[in-house]
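# Residue-level structural notes
Each chain is listed here by its residues.
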Amino acid sequence: MRWVLRLIIAAGVLGGAWPVAKLLWDMETGAAPFAVGLADGTVQQAEIGPQSYWPQWAPRPEGARFAVRAHFGPGTNLAETGYAEIGGFDDAAALQAAYAEKLVAAGWEVSPMHLTVALPEVPPRSARLCLVLARKDGNSLMLSVTTDKSGLSRLHWTRGEQLPMQGSEKGLCR
């Protein structure tokens with residue numbers, strides 16, 4: 001009789017944990033849907049995971065790993081946006097230059113930039129972000145790749161205007 005009680009308890013624990021386990025699984029392998037409550041009371045739909053929406057108009061950089069991470073639908077005062085993580089490249093400046101060149105060839109208005117940031121580590125150290133800000137047909141892209149291997153490299157897309165990072169300077173990384 002004890003084994004039946006244990007089986008019932010185990011089934012209850014697994015059944016109760018299943019929604020959380022499924023959510024985590026979808027975030028790692030699929031596209032987990034979310035609803036984000038904003039301060040003004042509106043709700044923004046989102047999805048997190050590698051199968052999240054990525055628009056056809058947003059070219060991917062070549063020569064790097066590319067993993068979609070999130071998509072946020074439009075909100076009352078927010079543009080639709082999303083991002084992917086970039087990795088597996090050796091030279092951030094070369095990736096920045098190649099991506100800028102690819103976008104120019106595709107008719108994008110391109111602004112290469114760079115920015116030195118302090119990393120939140122002890123002891124403190126800095127990293128350089130090599131940026132590409134691009135606009136075309138009311139859409140924007142911002143590539144941000146780092147010379148550091150800390151996982152800060154991303155490609156963001158926005159349906160609307162993307163502003164440059166505060167403190168960034170025009171020009172390619174060196």
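Quick summary incoming for the structure in this document. (Residues numbered from 1 in each chain as written. Predicted model: local features only at pLDDT ≥ 70, side-chain atom pairs only at ≥ 80, totals over all residues. Heavy atoms only, no water.)

## Side note on the overall build of the chain
Each helix and strand counted, the chain has two helices and nine strands in total. Counting helices and strands in the order they occur from the N terminus, the chain gives α-β-β-β-β-α-β-β-β-β-β. Sorting the 174 residues of the chain into buried and exposed places 35% on the buried side. Counted over contacts in the chain with a minimum sequence separation of 6, partners at least 24 positions apart contribute 47%. Looking at the chain as shown, the accessible area adds up to about 10500 Å², and 60% of this sits on carbon and sulfur atoms. (Helix = DSSP H or I, 4+ residues; strand = E, 2+ residues; numbered from the N terminus. Buried < 20%, exposed > 50% of the residue type's maximum accessible area, 1.4 Å probe, protein only. Contact = heavy atoms within 4.5 Å. Areas by Shrake-Rupley, 256 points an atom, 1.4 Å probe, with all protein chains shown as cover.)

## Points about the state of the cysteines
Summed over all chains, the structure comprises one disulfide. Covalently, Cys130 is tied to Cys173 through a disulfide, its sulfur atoms 2.1 Å apart. Here the S-S torsion is close to -115°, and the disulfide linking Cys130 with Cys173 is therefore left-handed. With Cys130 in strand S6 (residues 125-136) and Cys173 in the segment after strand S9 (169-170), this pair connects stretches of sequence that are 43 residues apart. An identical accessibility class is assigned to Cys130 and Cys173; each is buried. (Disulfide = S-S within 2.5 Å.)

## A word on helix H2 (residues 92-105)
End to end, H2 covers 20 Å across 14 residues, agreeing with the expected 20 Å (1.5 Å per residue, within 8%). Those residues of H2 that are buried are in contact with strand S4 (81-87), strand S5 (109-119), S6, strand S7 (139-146) and strand S8 (154-159). Regarding H2, its N-cap is Asp91, as a side-chain oxygen of that residue lies 3.1 Å from the backbone nitrogen of Ala93 further along. One or two residues past the end of H2 sits Gly107, with phi positive at roughly 90°. (Expected span 1.5 Å × (residues − 1). Polar contact = N/O pair within 3.5 Å; in protein donor to acceptor, adjacent residues only side chain to side chain.)

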